[in-house]
Amino acid sequence: MERSEYGVMYRLEQYYWWFVGKQFLVREMVSPLFSNRGREQRILDIGSGTGIVLKILEEFGQAFGMEMSWDAIQFLKKRNLKRVACSNAEQVLPFKDDSFSLVTCLDVLEHLDHDTALLTEMLRVCREGGHVLVTVPAFNLLWSPHDSALHHRRRYTRTRLLGQLGGLNVQVIKASYYNFMLSLPILAVRKLRILFSEKGKPQSDFFIGLPDGLNRFLSALYRLEILGLRLFRYPYGVSLLLLLRKSFREEEHR
């Protein structure tokens, strides 16, 4: 990610529709998993960025972050997040087998050369019966300067990402695209940016000066769609979500 993007994210995460929607998504996905569990549950967030999601995960248990960017870690310190390891996600995760009830990896896999290796590692450190939550950007058709600014290697399809789970002892709980209703407007904006943007340093789509009324409308629309994930699997969208459950060994051998 371009270094300047961390500062943009930190300033926008509390109110900008994209980040507010992401926080709502995390709560919607995680709350049912911990409804009957105590605060002793251990959670790992890989690629914690500037820390807003890690702060939310602390509501559900002992949340640990992992981040390789020193620029991001400075913002994690600003949020007073202390359980953070500075480590490269493309290497073996610095945790023992079966260490966590939940492992989250939100918009990280697309940055890595060896994404399948990280999926395998996440399941290794997740305990049996625990869960892994993954989000990634979807569809190469949506590739734009936004992806270049964030140093993405690729965008995904549902088929491709599910195919990378082959041979792993995992049950797919949810596999759906999301940001469905805004996908066509976002596609149009990104194609126009490609046509009219100036050459040089790429920038993300996160607009600091977005009008407040439009921001509130987009936030409400995004939240409504995320509520729909309880019942629906969207056929396409700007992003893709996987919620996985690590199988018990006896289930694996049935």
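Predicted model, so just to flag it, every value in this text is computed and none were measured.

Visitor: Honestly, helix α2 (residues 17–30) in this entry has me stumped. Any pointers?
Guide: Working note: α-helix, 3.6 residues per turn, so residues spaced by three or four point in the same direction. Relative to the 20 Å expected for 14 residues at 1.5 Å per residue, α2 spans 20 Å between its end C-alpha atoms, a close match to the ideal helical length. Where burial is concerned, most of α2 is hidden: 13 out of the 14 residues are buried.

Visitor: Just to check I follow, could you spell out unusual backbone geometry for this structure?
Guide: Trans peptide bonds make up the majority, and among non-glycine residues the majority have a negative phi. Although it is not a glycine, Phe139 sits at a positive phi angle of roughly 65°. Structurally, Phe139 is set in the loop between β5 (126–137) and α6 (145–149). Since its relative accessible area comes to 24%, Phe139 is described here as partly exposed. Residues other than glycine seldom take positive phi values, yet His151 does so here, at roughly 60°. Tracing the backbone shows His151 in the loop between α6 and α7 (158–163). Here His151 falls in the partly exposed class, since its relative accessible area comes to 33%.

Visitor: Before we go on, may I ask you to explain the pairing of strand β2 (residues 62–67) in this structure?
Guide: Across a regular strand the side chains alternate sides, sitting on one face of the sheet and then on the other. Of all the six residues making up β2, five are buried; the element is thus mostly covered by neighbouring parts of the structure. Since strand β1 (residues 42–46) and β2 lie parallel, the crossover through helix α3 (residues 52–57) that links them has a hand, and here it is right-handed. Of the pairings in the sheet, the one linking β2 to strand β3 (residues 84–86) comprises three bridges and is parallel in character. The partner of Gly65 across the bridge, within β3, is Val84. Considered for its hand, the β-α-β crossover made up of β2, helix α4 (residues 70–78) and β3 is right-handed.

Visitor: Please clarify how the nonpolar core should be interpreted in this entry.
Guide: Among soluble globular proteins, nonpolar side chains are generally buried collectively. In terms of nonpolar packing, the biggest core is built from 43 residues, with Trp17, Val30, Leu57, Leu102 and Leu133 touching the most fellow members. At the level of elements, α1 (3–12), α2, α3, α4, β4 (100–106), α8 (183–196), α9 (212–228) and β7 (239–246) are the ones that each hand at least two residues to this core. Top element by residues in this core is α2. It accounts for eight residues. Excluding its chain neighbours within four sequence positions, the residues that come into contact with Leu133 are Met29, Val30, Leu102, Val103, Thr104, Cys105, Leu106, Leu241, Leu242 and Leu243. In terms of nonpolar packing, the next biggest core, distinct from the first, is built from 32 residues, Leu112, Leu119, Tyr156 and Leu165 among them.

Rules behind the numbers
- Residues numbered from 1 in each chain as written.
- Predicted model: local features only at pLDDT ≥ 70, side-chain atom pairs only at ≥ 80, totals over all residues.
- Heavy atoms only, no water.
- Helix = DSSP H or I, 4+ residues; strand = E, 2+ residues; numbered from the N terminus.
- Expected span 1.5 Å × (residues − 1).
- Buried < 20%, exposed > 50% of the residue type's maximum accessible area, 1.4 Å probe, protein only.
- Right-handed = clockwise from strand over helix to strand, strands pointing away.
- Pairing = 2+ DSSP bridges.
- Core = buried A, V, L, I, M, F, W, Y, C linked by side-chain atoms within 4.5 Å.
- Contact = heavy atoms within 4.5 Å.

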